[in-house]
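Fold and geometry: a report
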Amino acid sequence: MLFEVSTREVGSLHSRSFEGSDSRPISGARLTPLDHKPKIPTSPSKDEGPPIPKPPLDPVEVKRVSNARARLFKVASQGSLLPDKEIHFEETVKRLNSDSSLNMKDFSHDADEFALSHFNTKILTNKSPESAGEKMNLPTRIREYVDSLSKQTSLGSKQAKQESRPSTALGNTEINIEQNRTESNGESRTYEDETEEEILYWNTKIQPLLDKIKSLKNGNDVEHLCKACSSLYHALQEGNMLGKMCKRRAVLLKALYRLVDVGSDQLNIQLAKIILALKVSGRNLLNICKLMFKISRSENNDVLFQTDNILDCLMEVFSFTDPFGNIDAFIYCMGTIKFLSGNMILLKDLLNKGLVETLVRLMKEINDFNRTSDTYLCSSGHLLVQVTATLRNLADLPHSRSRFLSSGALSELCVVLEQHLNDEDVCTNVARIFSKLSAYNDCCLALSKCTSCFQLFLAILHRHQRKQDLVVRVVFSLGNMTAKNDEAREEFYKQKYSVETLLTLFQTYHELDVKIKITPTKTQNKSEIDGTKSQRLSEVEDILVKLIRVIANLSINTEVGSAFSGNQNCVDLLIKVLECKTIEKCEELMMNAATAINNLSYYQVKNSAVRARQLHIAELLMKLLLCNNMDAILEAARVFGNLSRSKEVRDFIVQNNVDKFMITLLDAKHQDVCFAACGVLINLTVDKNKRPILKQDGGIKKLIDCLRDFGPTDWQLASLVCKTLWNYSEKITSAVLCFGENETSELLELLPAYLNEEIALDVATSGSDEGLIEHHKTCWESEFVPVAQQLLRRIQCHHRHVEALPSSSLQNCSSSKGLF
């Protein structure tokens, strides 16, 4: 019986783990999941993070995390912070069926009408004494929304004047102007329900600080004002007057809001800390969130958020505030946190404060509301853009992975996708998160267990197939998920239109790639033409690279691989890539295409599209085989290992001297290269007329060298060498004439040594862990020993000193002639 190459990839330690050095094909080429390479052209958006570690690496996300600030102002890639149309609070209230306290006319008027109007104007227009008349540089969507809020503020102030609402109508979270008045002489009047201790504490601890703040109210006393505000915070905390415990909250808020006139970001941070600690709500909360948002827009202000527990105050907003009644305040608050998450120091601090868990709870609240409501929460999409952008920054931190897994973030993100499939900004942010987390096996496994994830990915690829920065991340995540998990391959394949969607996408981007090449650019400057075309080609090529990787990884599964192998359209597209690209310009794309063809060529299905085009594929592989790139040569050799099971291809190999090239590769001293070369040579020895090639070109000596060099550490390669020598020596009459005298002596020395368990396994597994030792022992027993024993008996039987062999060996020799 002759051995023929069987090029399927198998894993021994783990079920088909194809990326480790311990995972080898039985022979020849191997079915391999594709890893990404550490380069990936990016889309025009500049919001990428540092590269993620192998396996696998997502080069699409490489840039300073602090550049995350830019995302808020890129409508095309991230979306805007706020809605692009005016939001009427009455309409929102009606839609949410919320209580009447959310009605515009019931919102607080901030201490007094002048203070409210001035405070709102300053926040909305970004005016300060130092920059009077300068308008905040907000993006269009935000500016329109801010303008609408400004109109509503003005309307609310006029309405309050007209109605002359009694002070008793205001809730305790609002500022009661009439009831909370400070006398001109600096003494506080008595308030109902105040105890003597509270009055005494106010008059001795709080009022003096308020008087000091009032006396310092000018732009030259910022440092003293900050210190006074810090003292005020600690005094309120010591007197248990934070939150809603203080009966004179309105007096405090009135004094604090008036300090915004100073126009100092440092001071405003101190003000925001106190106001948020008082747990304001309604328009008071909205205004202070706007103020924090304005401050956070500048990277220079990041240092202000690193002290005095400002981040804690921001985080507390999520715990004491109802998102459905304060959606606009939440949008500004999340915009602030998203900006701050671009700073690595603040990002780590936010992670340690439980921001991942907090945002997952917020997503769950929104998802649950949208799931049970007839109408989606107004502005939830705008809020989720900021939430998901922040989570994407958090996903850059390696330590965040466990938090994403334990909090159930992946399943909630899938629900977000399901509810916002038409929102490109939300989908892109979620895809960014998945592309980061799918770099890790545990995250891939958890994501695969989300039952709807593959269906959602296919829906995104169908609806947004022209949005390249979204598509590239989805297919990258799919490539990671299908690299090592056979259940994920099966689950994806079972989804309706899964194969059709991938091939349609393949067809679309291949045509776009060709079109960009041949379409002239209207720009007159040649350098601009070359640069623009090169960038567009790079983006399209990147999608093709990752898309082919998905096909290659899916094809490791027998059912899926057989289906792709018989798919004419799939094979034709892969061939077109090999035809129109070169390894010098498109190395990763060419190698991925070769790997995909290798995996598909393994399957000997009835209507194999690969077998129908095998000679043309063999011709295309020659340009890979003859290049100066060893990785490309290795991929080509693997494909020849599968294709050489056909006599037509074996004839092609000899006619084009590919056989000589494979023998030369045995000198590469690289296990994978030698393995691939052996896969081709063992198939050539099936034809009797091609066997002499091995000896003519020194192939026997090189095969024995591979056995000696790699045998103790790679029993699969050692087994493949022995199988090749067995096929070659089928008609042996003399071992010396067949192999050569020196070669025979080496075999008689090596084979007995390698068949000795103590010697073989001691050399192979010295210093290894128990799992690796067991793996080597299994390979040695099941793959190497059977064929090595038979080869040794054949050589001993036909050696010139056959008369010296014991009678038992002669009997074995006689019986082994017809064994294979």
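Here the structure is a predicted model, which means the values were calculated and not measured.

Cut-offs used in this document
Residues numbered from 1 in each chain as written. Predicted model: local features only at pLDDT ≥ 70, side-chain atom pairs only at ≥ 80, totals over all residues. Heavy atoms only, no water. Helix = DSSP H or I, 4+ residues; strand = E, 2+ residues; numbered from the N terminus. Buried < 20%, exposed > 50% of the residue type's maximum accessible area, 1.4 Å probe, protein only. Contact = heavy atoms within 4.5 Å. Areas by Shrake-Rupley, 256 points an atom, 1.4 Å probe, with all protein chains shown as cover. Core = buried A, V, L, I, M, F, W, Y, C linked by side-chain atoms within 4.5 Å. Patch = residues over 30% accessible without salt bridge, like charges linked within 9 Å, V, L, I, M, F, W, Y side chains within 5 Å. Salt bridge = Lys/Arg side-chain N within 4 Å of Asp/Glu carboxyl O. Lys, Arg positive; Asp, Glu negative; His and termini not counted. Charge placed at Lys NZ, Arg CZ, Asp CG, Glu CD. Expected span 1.5 Å × (residues − 1). Phe/Tyr/Trp six-rings, centres within 6.5 Å; stacked < 30°, edge-to-face > 60°. Lys NZ or Arg CZ within 6 Å of the ring centre and 35° of its normal. Axes fitted to C-alpha atoms, helices over the stretch in contact; angles between N-to-C directions. Parallel < 35°, antiparallel > 145°, perpendicular 65-115°, else oblique. Left-handed = near helix turned anticlockwise from the far one by under 90°. Nonpolar A, V, L, I, M, F, W, Y, C, P; charged D, E, K, R; others polar. Disulfide = S-S within 2.5 Å. pLDDT = per-residue confidence, 0-100.

1. Notes on the overall build of the protein
Looking only at helices and strands, one finds 39 helices and 2 strands in the protein. Among the 820 residues that make up the protein, the fraction classed as buried is 58%. For the protein, the proportion of contacts with a sequence separation of at least 24, taken over those separated by at least 6, is 74%. Carbon and sulfur atoms form 49% of the exposed surface of the protein, whose accessible area is close to 33,500 Å².

2. Points about the nonpolar core
Judged by nonpolar contacts, the single largest core of 232 residues is most densely connected at F305, F640 and F784. If you tally residues by element for this core, the top one is helix 22 (residues 526-554), at 11 residues. Not counting the four nearest positions on each side in its chain, F305 is found in contact with I269, M292, I295, S296, I310, L311, L314, T336, L340 and L346.

3. A closer look at a negative patch on the surface
Residues E487, E490, E491 and E559 make up a contiguous surface patch of negative charge. Of all the elements, helix 20 (residues 486-494) adds the most residues to the negative patch, at 3 residues. One can find E490 in helix 20. Overall, the relative accessible area of 31% leaves E490 in the partly exposed class.

4. Some points on the environment of G408
Summarising the element assignment, G408 is placed in the loop between helix 14 (401-406) and helix 15 (409-419). Separated by 44 residues in the primary sequence, G408 and K364 have C-alpha atoms spaced 9.7 Å apart.

5. Some points on helix 12 (residues 355-372)
Compared with the 26 Å implied by 1.5 Å per residue over 18 residues, the 26 Å span of helix 12 between its first and last C-alpha is a close match. Burial in helix 12 covers these residues: L355, V356, T358, L359, V360, L362, M363, I366, N367, F369 and N370.

6. Some remarks on the packing of aromatic side chains
Applying the stated criterion to the full structure yields 11 aromatic pairs. Measuring from centroid to centroid gives 5.4 Å for F293 and Y332, while their planes differ by 70°, and the two rings are edge-to-face. One end of the pair, F293, is in helix 8 (residues 282-296); the other, Y332, is in helix 10 (residues 327-340), and 39 residues separate them in sequence. Judged by its relative accessible area of 2%, Y332 is buried. Relative to F369, the ring of F324 lies with its centre 4.7 Å away and its plane at 25°, an arrangement referred to as stacked. Taken as a pair, F324 in the loop between helix 9 (310-320) and helix 10 and F369 in helix 12 lie far apart in primary sequence, 45 residues in all. Each member of the pair, F324 as well as F369, is classed as buried. Across from the ring centre of Y233, 4.2 Å away, lies the NZ or CZ of K273, which sits over that ring. In this arrangement the basic side chain of R401 is found over the ring face of Y440, its NZ or CZ atom lying 4.2 Å from the centre.

7. Things to note about the pattern of salt bridges
Counted by the stated rule, this structure contains 30 salt bridges. K467 is paired through a salt bridge with E424; the nearest N and O atoms lie 3.9 Å apart. Pair noted here: K467 is in the loop between helix 18 (453-463) and helix 19 (468-484) and E424 is in helix 16 (residues 424-437), with a separation of 43 residues, a long-range link. The exposure class of E424 is partly exposed, given its relative accessible area of 35%. Each of K647, R650, D651, D687 and K690 takes part in salt bridges that share partners, so that together they form one network.

8. Some thoughts on the packing of helix 9 against helix 10
Two quantities define a packed helix pair, namely the angle between the helix axes and the distance between the axes. It is the contact of helix 9 with helix 10, at a shortest axis distance of 11 Å, that shows an interaxial angle of 140°. By the angle between their axes, helix 9 is oblique relative to helix 10. Between helix 9 and helix 10 lies a crossing of left-handed hand. Side by side, helix 9 and helix 10 meet where L311, L314, V317 and F318 of the first sit next to F330, C333, M334, T336, I337 and L340 of the second. Tallied by class, the residues present in the contact of helix 9 with helix 10 amount to 9 nonpolar, 1 polar and no charged.

9. Examining the packing of helix 34 (residues 715-728) against helix 38 (residues 770-797)
Two elements in contact, helix 34 and helix 38, have axes separated by 9 Å at closest approach and are oriented at 20°. Of the possible angle classes, the one that applies to helix 34 and helix 38 is roughly parallel. Where helix 34 crosses over helix 38, the handedness of that crossing is left-handed. Along the contact surface, helix 34 presents W715, Q716, A718, S719, C722, K723, L725 and W726, while helix 38 presents H776, C779, W780, E783, F784, V787, A788, Q790, L791 and R794. Here the contact of helix 34 with helix 38 is built from residues that sort into 11 nonpolar, 4 polar and 3 charged.

10. Details of unusual backbone geometry
The phi dihedral of N240 is positive, around 55°, even though this residue is not glycine. Relative to the elements of secondary structure, N240 occurs in the loop between helix 5 (222-238) and helix 6 (249-258).

11. Details of the environment of L362
Within the secondary structure, L362 is located in helix 12. As for L362 and L384, which are separated by 22 residues in sequence, their C-alpha atoms are 9.3 Å apart. Ignoring any residue separated from it by four or fewer positions in sequence, one finds L362 in contact with F318, P323, F330, L383 and V387.

12. Quick look at the state of the cysteines
Applying the stated rule across the entire model yields 0 disulfides. The closest cysteine sulfur to the non-disulfide-bonded C229 is located on C226, 6.6 Å from its own sulfur.

13. Comments concerning the confidence of the model for the protein
Detailed reading of the predicted coordinates is not advisable wherever pLDDT is low. Summarising the model, the protein shows a mean pLDDT of 77, and 70% of its residues fall at 70 or more. Low pLDDT (under 50) marks residues 124-146, which in the prediction has 57 contacts with non-local residues, meaning those over four places away or in another chain. The model gives residues 148-188 a pLDDT under 50, and that stretch makes 76 contacts with residues more than four places away or in other chains.

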